[in-house]
Amino acid sequence: VGESDHIRTGLSKEQLKQAYIDNLFYLLGRFLEVATPHDSYMAAAYTVRDRMLDRWIKTARTYKASQARTVCYLSAEFLLGPHLAKNLINLGIMEVSREAGAELGLDFEAILEQEEEPGLGNGGLGRLAACYLDSLATLQIPAIGYGIRYEFGIFDQLIEDGWQVEKSDVWLRDGNPWELPRPKLRFPVRFGGHTETFQDDGRVRVRWIPDLVVEGRAYDTPILGYGVSNANLLRLWSAHAPESFDFQAFNTGDYYGAVHAKVEAETISKVLYPNDEPQAGKELRLKQQYFFASCSLQDMIRLQLGAAGTLEGFHEKFVVQLNDTHPAIAVAELMRLLIDEHRMDWEPAWEITRRTFAFTNHTLLPEALETWTVALFGRLLPRLLEIVYEINRRFLDKVRMHFLGDEARIARMSLIDEGHGRRIRMAHLATVGSFAINGVAEMHSELVKSTILKDFHDLWPERFHNVTNGVTPRRFIIVSNPRLARLLTECCGDDGWVRDMDRLRSLEPLADDVGFHEDWRRMKTAAKRDLADWLRRRVGVNVDPETLFDVQVKRIHEYKRQHLNVLHIITLYERLKAEPNRDVAPRTFVFGGKAAPGYLMAKLIIKLINSVAEVINQDPQVNDRLRVVFMPDFNVKNAQHLYPAADLSEQISMAGKEASGTGNMKFAMNGALTIGTLDGANVEIREEVGDENFFLFGHTAEQLQRLQAEGYRPWEICNDRFELRSALDLIASGLFSHGDKELFRPLVENLLYQDPFMVLADYELYLDRQTEVSHAWRDPKHWNRMSILNVARMGKFSSDRSIRDYCERIWRVRPVPAEL
Ligand code: 26V
């Protein structure tokens, strides 16, 4: 980059202003006076992107020269959230850009609001991938994120008459300034057809003759580190019909067949699937998984051959992390590429494969474990089925040897489940093909070893690890909560805490400092006022910033037990109705989250929340002390308004069901107190912040298991719990449904007669703990002390710590600093 290019790289206010006007003119064909807010956003985005590209190119050069070992993070989801603010922060030019904007007469906040976020994920798993990309770049680790460039991300949620309505997410409509198409970077991916054997140099080899070939094209998004010059790469694949395929059909006169093939190919990267809906023969989903796994591996092989000319050291150059089983097919695909395309023998190919992959499990829910029928798998990927069978045959021989003739165990461990219509167990494929397997919180990793992968742990105990999840303080403190960020920087003397969150421990002495309490209160109140304004404008509800903000936002699922929260609200309502002058701490309950489109019970829970809100918010006897809000379309952008304003974070899943949770971390590091069960990362959060600064409640996982085993009869609990009975009766009475007694019947009956997530078993413990929350809220000094100590002690939950754990314990990779 020469002197004259400073307009594209310079970080001074004048250079930024000049660059912005330049981009507005030359890239958008507009000038200041007529620019719409969206034009302004685009010009700002290009101005920032230029500065990122400079870093990105230099980083690529440095990595190439160093021949460094590289992490490839394979994930079907990356839930990045808006880029602009994050990139301004990571470049260190947020303030100077704000000033530049002001001098140009621009409304800076309005420009940031323009961005449509790439919602290429469902929830925790996809957001975790995004946090990890941020930390990898910040820690200067050579890394590539590989995934799918869905044309439609997670649906937008509207609430109509209290019900969730899904609207397609057309995030690319107005263009995406953050990506660079790489039209020359494309790979073929085969589907269907059959295989043949042939002789090659005296060896039998296999040829796969497909009936569809799809082309994956790369779209690259640079990912900046914070306060460093490194910028890593997120490479997403988009599916297209290869041109040659069109011509073939054309020559035989089958024009419509050619068009059909084109549509079929492009369908593959069309839309993100909900990950929390039981998968029923979703052919397209398997196609997506194979499509992106194959493109990504072909890309790595290209890089390896370009650098070393041989595939021998592939596993030294690359470590491939499988984010859940969605990319697990990569294990079989790497074998195919090495054997069929690069003419390797089975043993050396398996040696490379086994030493390349590591696998993270993200759920224990049995209905969530991915399997594919052999019939579908074989029809779509005939060559891969052969390879899976061969991996399995050799694996089961080992098992047989190790557990001499334990046939039951062999059946349990097989990659093929013979019991349920012959299905391929993707978690087993991932486990057999990986040198390391990990869960996402201490408790979860223990459960992985003792339940779903127990047999594998018996065989290979040394391969099992824990890496507790973390979240990035860049997005979830600096971008979301600039007031808190400023305060923390003041207290620490500098902003070093952003890269080393353990430094927040220096806040501890301030937990009893009266002056500091005043700063803390002012910060929190300002954030709550912002949220109240936002809710008034966006949702049309009025809430009082003086009340306790009690927040539960996450995907709507029975195991997460939003309905337990609702039962608490209804009980408070009944208490106030029975005793109107009762002294209760005024609360605002905020809910948010999407339900999988086909998950009827989750959708009914949303309707219940909105129905309860409608009644309570309109009841003048209580609505000065109780308010309920459902915030529509919970996504990263909207979430950023919530974390800073929350006083209480609801983490009330049934013990043993939430693998980790990461929302729990985002709230606590913004000073919310947690009411939570002993589940997932709650256990470790409580350990860090101290039992006295955490509202624990509920049965343990073992206690619940015992209750189940003894024969759980939820309806009996109601007999002795008057308030619980009464809350359920009130729902059933039609009070919240304009007299309709049928509407919520499925929900009430499910709780009374099944209650699979043991809501009723924990109801009383939950209510008691909530009463203590209300008492604690009455003592602001005590509350603030707890809040400050939570923030001071959340260092462990920075994703930088998680990534360091992965680097040291699993990946064996080291930083490669890039220089400008
Ligand atoms: C899938 C399914 C499919 C069947 C119906 C129920 C159900 C529920 C959840 C899922 C999602 C499985 C993968 C996942 O998103 N796990 C989440 O990963 C986060 C990051 O590690 C973690 O914090 C969450 O606790 C975990 O649920």
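Residues numbered from 1 in each chain as written. Predicted model: local features only at pLDDT ≥ 70, side-chain atom pairs only at ≥ 80, totals over all residues. Heavy atoms only, no water.

Participant: Can you lay out the overall build of the protein for me, pointing to particular residues and giving the numbers?
Facilitator: Counting its secondary structure elements, the protein contains 34 helices and 24 strands. In terms of C-alpha radius of gyration, the protein reaches 27 Å, essentially the compact-globule figure of 28 Å for 820 residues. Across its three principal axes, the protein shows a C-alpha extent of roughly 90 × 75 × 55 Å. Summarising the internal contacts of the protein: among those between residues at least 6 apart in sequence, 77% fall at separations of at least 24. (Helix = DSSP H or I, 4+ residues; strand = E, 2+ residues; numbered from the N terminus. Rg over C-alpha atoms; globule rule 2.2 N^0.38 Å. Contact = heavy atoms within 4.5 Å.)

Participant: Outline the sheet that holds strand E4 (residues 143-148), listing residues and values.
Facilitator: Reading across the sheet, the nine strands line up as E7-E10-E11-E4-E1-E12-E13-E17-E18 and stay open at both edges, with mixed pairing between neighbours. Because the sheet does not close on itself, it has two edges, and the strands there are strand E7 (180-191) and strand E18 (464-466). For this sheet, the mean angle separating the axes of adjacent strands, direction not counted, is 25 degrees. Taken strand by strand, helix H3 (residues 37-66) contacts E4, E7, strand E10 (212-224) and strand E11 (231-240), and its axis lies near 100 degrees from that of E11. (Pairing = 2+ DSSP bridges. Axes fitted to C-alpha atoms, helices over the stretch in contact; angles between N-to-C directions.)

Participant: Quick rundown of unusual backbone geometry? Include the residues and the values.
Facilitator: Even without being glycine, Asp324 reaches a positive phi, approximately 70 degrees. With respect to the secondary-structure elements, Asp324 resides in the loop between strand E12 (318-323) and helix H12 (330-341). Since its relative accessible area comes to 10%, Asp324 is described here as buried. (Buried < 20%, exposed > 50% of the residue type's maximum accessible area, 1.4 Å probe, protein only.)

Participant: For the site of the ligand, give the residues involved together with the corresponding values.
Facilitator: In the region of the ligand, 21 residues are neighbours, and Asn275, His362, Asn469, Glu658 and Gly661 sit closest. Between the ligand and Gly661, the relevant distance is 2.9 Å, taken from an oxygen atom to a main-chain nitrogen or oxygen of the residue. About the coverage of the ligand: the protein hides 93% of its 590 Å² of free accessible area. For the shell around the ligand, the residue count by class is eight nonpolar, nine polar and four charged. Shared between two domains, the shell around the ligand takes at least three residues from each, and those domains are domain 2 (67-82 + 117-468 + 805-811) and domain 3 (480-696 + 765-797). (Near = heavy atom within 4 Å. Polar contact = N/O pair within 3.5 Å; in protein donor to acceptor, adjacent residues only side chain to side chain. Areas by Shrake-Rupley, 256 points an atom, 1.4 Å probe, with all protein chains shown as cover. Nonpolar A, V, L, I, M, F, W, Y, C, P; charged D, E, K, R; others polar. Domains from an automatic or database assignment.)

Participant: Help me get a handle on the packing of aromatic side chains, residues and values and all.
Facilitator: Overall, the coordinates contain 20 aromatic pairs when judged by the stated rule. Consider the rings of Phe516 and Trp520, whose centres lie 5.6 Å apart with planes at 45 degrees: the pair is tilted. Highlighted residues: Phe516 and Trp520, both in helix H22 (residues 514-538), separated by four residues, approximately one helical turn. Just as Phe516 is buried, Trp520 falls in that class too. Chaining the aromatic ring pairs together yields one cluster made of Tyr73, Tyr132, Tyr806 and Trp811. (Phe/Tyr/Trp six-rings, centres within 6.5 Å; stacked < 30°, edge-to-face > 60°.)

Participant: Please provide a residue-by-residue account of empty space enclosed by the protein, values included.
Facilitator: Gaps between atoms show up when a probe of the same size as a water molecule is rolled over them. Evaluation of the coordinates by the stated rule reveals five cavities of 30 Å³ or more. Taken as a whole, the largest cavity encloses approximately 210 Å³ of empty space. Lining the largest cavity are 17 residues, and of these Tyr20, Ala44, Ser97, Gly101 and Phe108 lie nearest its centre. Among the elements of the structure, helix H2 (13-26), H3, helix H4 (84-91), helix H5 (94-103) and helix H6 (108-114) are those that each provide at least two residues to the lining of the largest cavity. Considered class by class, the residues forming the lining of the largest cavity number twelve nonpolar, four polar and one charged. Listed by contribution, the elements that provide at least two residues to the lining of the second largest cavity are H4, helix H7 (124-138) and E10. Looking at the lining of the second largest cavity element by element, the count peaks at four residues for H7. For the lining of the second largest cavity, a count of residues per class yields seven nonpolar, three polar and four charged. (1 Å grid on protein atoms, 1.4 Å probe; cavity = no way out; pocket = protein on both sides within 12 Å on 5 of 7 lines; lining within 4 Å. Points joined across faces, edges and corners; volume = space filled by probe spheres on them.)

Participant: Provide a residue-level description of the pattern of salt bridges, including the pertinent values.
Facilitator: Scanning the entire structure with this criterion turns up 82 salt bridges. Glu266 serves as the salt-bridge partner of Lys262, at 3.3 Å between the closest nitrogen and oxygen. Linking Lys262 with Glu266, this pair stays in helix H9 (residues 255-267), spanning four residues, or about one helical turn. Overall, the relative accessible area of 35% leaves Lys262 in the partly exposed class. Salt-bridge contacts for Glu508 lead to Arg505; the nearest nitrogen and oxygen are separated by 3.0 Å. Each of Glu347, Glu390, Arg393, Arg394, Asp397 and Arg400 takes part in a single network of salt bridges with overlapping partners. (Salt bridge = Lys/Arg side-chain N within 4 Å of Asp/Glu carboxyl O.)

Participant: Break down the sheet that holds strand E16 (residues 423-425) for me, citing the residues and quoting the values.
Facilitator: Backbone hydrogen bonds hold the strands of a sheet together, and the pairing may be parallel or antiparallel. In spatial order, the strands read E14-E16-E15; together these three strands make up an open sheet with antiparallel pairing. Taken across any chain shown, the strands that pair with only one partner, and hence form the sheet edges, are strand E14 (371-373) and strand E15 (416-417). Sheet topology note: the E14/E16 ladder contains three bridges and is antiparallel. Residue pairing in the sheet places Trp372 in a bridge with Ile424 of E16.

Participant: Quick rundown of the environment of Gln140? Include the residues and the values.
Facilitator: Relative to the helices and strands, Gln140 is located in the loop between H7 and E4. In this structure the C-alpha to C-alpha distance between Gln140 and Asp458, which are 318 residues apart in sequence, comes to 36 Å.

Participant: Quick one: what's the story with a nonpolar patch on the surface, residue by residue and with numbers?
Facilitator: A cluster of nonpolar side chains, Tyr255, Tyr256, Val259 and Val263, forms an exposed patch at the surface whose accessible area comes to about 430 Å². Of note, Val263 is situated in helix H9. (Patch = residues over 30% accessible without salt bridge, like charges linked within 9 Å, V, L, I, M, F, W, Y side chains within 5 Å.)

Participant: Residue-level account of the confidence of the model for the protein, with values.
Facilitator: Considering every residue of the protein, the mean pLDDT works out to 96; 98% of them sit at 70 or more. Averaged pLDDT values over the elements of the protein bottom out at 60 in helix H8 (residues 243-251) and peak at 99 in strand E1 (residues 70-74). (pLDDT = per-residue confidence, 0-100.)

Participant: Explain the nonpolar core to me, using residue names and the numbers behind them.
Facilitator: By size, the foremost hydrophobic cluster in this structure holds 207 residues, and its most contacted members are Phe191, Phe291, Phe377, Leu381, Ile391 and Trp811. If near-sequence neighbours (up to four positions away) are discounted, Phe191 is found in contact with Trp208, Pro210, Asp211, Leu212, Val214, Ile268, Lys287, Tyr290, Phe291, Leu380 and Leu381. (Core = buried A, V, L, I, M, F, W, Y, C linked by side-chain atoms within 4.5 Å.)

Participant: Tell me what's going on with the environment of Leu139, and back it up with residues and numbers.
Facilitator: Relative to the elements of secondary structure, Leu139 occurs in the loop between H7 and E4. Separated by 193 residues in sequence, Leu139 and Ala332 place their C-alpha atoms 31 Å apart. Every residue in contact with Leu139, bar those within four places of it in the chain, is listed here: Asp800, Ile803, Arg804 and Pro815.

Participant: Can you explain the packing of helix H23 (residues 562-578) against helix H32 (residues 759-777)? Please cite residues and give values.
Facilitator: Interaxial distance between H23 and H32 falls to 10 Å at its minimum, and their mutual angle equals 55 degrees. The angle between H23 and H32 falls in the class oblique. Viewed along their axes, H23 and H32 form a crossing whose handedness is right-handed. In contact with His563, Leu564, Asn565, Leu567, His568, Thr571 and Arg575 of H23, H32 contributes Val759, Leu760, Tyr763, Tyr766, Leu767, Gln770 and Thr771. (Parallel < 35°, antiparallel > 145°, perpendicular 65-115°, else oblique. Left-handed = near helix turned anticlockwise from the far one by under 90°.)

Participant: Account for the packing of H2 against H3, with residues named and values stated.
Facilitator: Interhelical geometry of H2 versus H3 gives an angle of 120 degrees and a closest axis separation of 8 Å. If you check the angle between H2 and H3, you find them oblique. For H2 against H3, the interelement crossing comes out right-handed. Packed against H2, whose contacting residues are Gln15, Leu16, Ala19, Tyr20, Asn23 and Leu24, the element H3 presents Asp39, Ser40, Ala43, Ala44, Tyr46, Thr47, Asp50 and Arg51 at the interface. Along the lines of polarity and charge, the residues of the contact of H2 with H3 split into seven nonpolar, four polar and three charged.

Participant: Would you mind going over the domain arrangement of the protein in detail, with residue names and values included?
Facilitator: In terms of domain boundaries, the protein breaks down into domain 1 (1-66 + 90-116), domain 2 (67-82 + 117-468 + 805-811) and domain 3 (480-696 + 765-797). With 20 residues of domain 1 in contact, the opposing surface of domain 2 contributes 30 residues. Regarding the contact of domain 1 and domain 2, the summed buried area is about 2,300 Å², with carbon and sulfur atoms giving 59% of it. If you sort the residues of domain 1 by the area they bury against domain 2, Trp56, Asn90 and Glu116 come out on top, with a joint share of 37%. Where domain 1 packs against domain 2, one counts one salt bridge. Here Arg173 ties to Glu116 by a salt bridge, and the two come within 3.8 Å at their closest N and O atoms. (Buried area = accessible area lost by both parts, 1.4 Å probe.)

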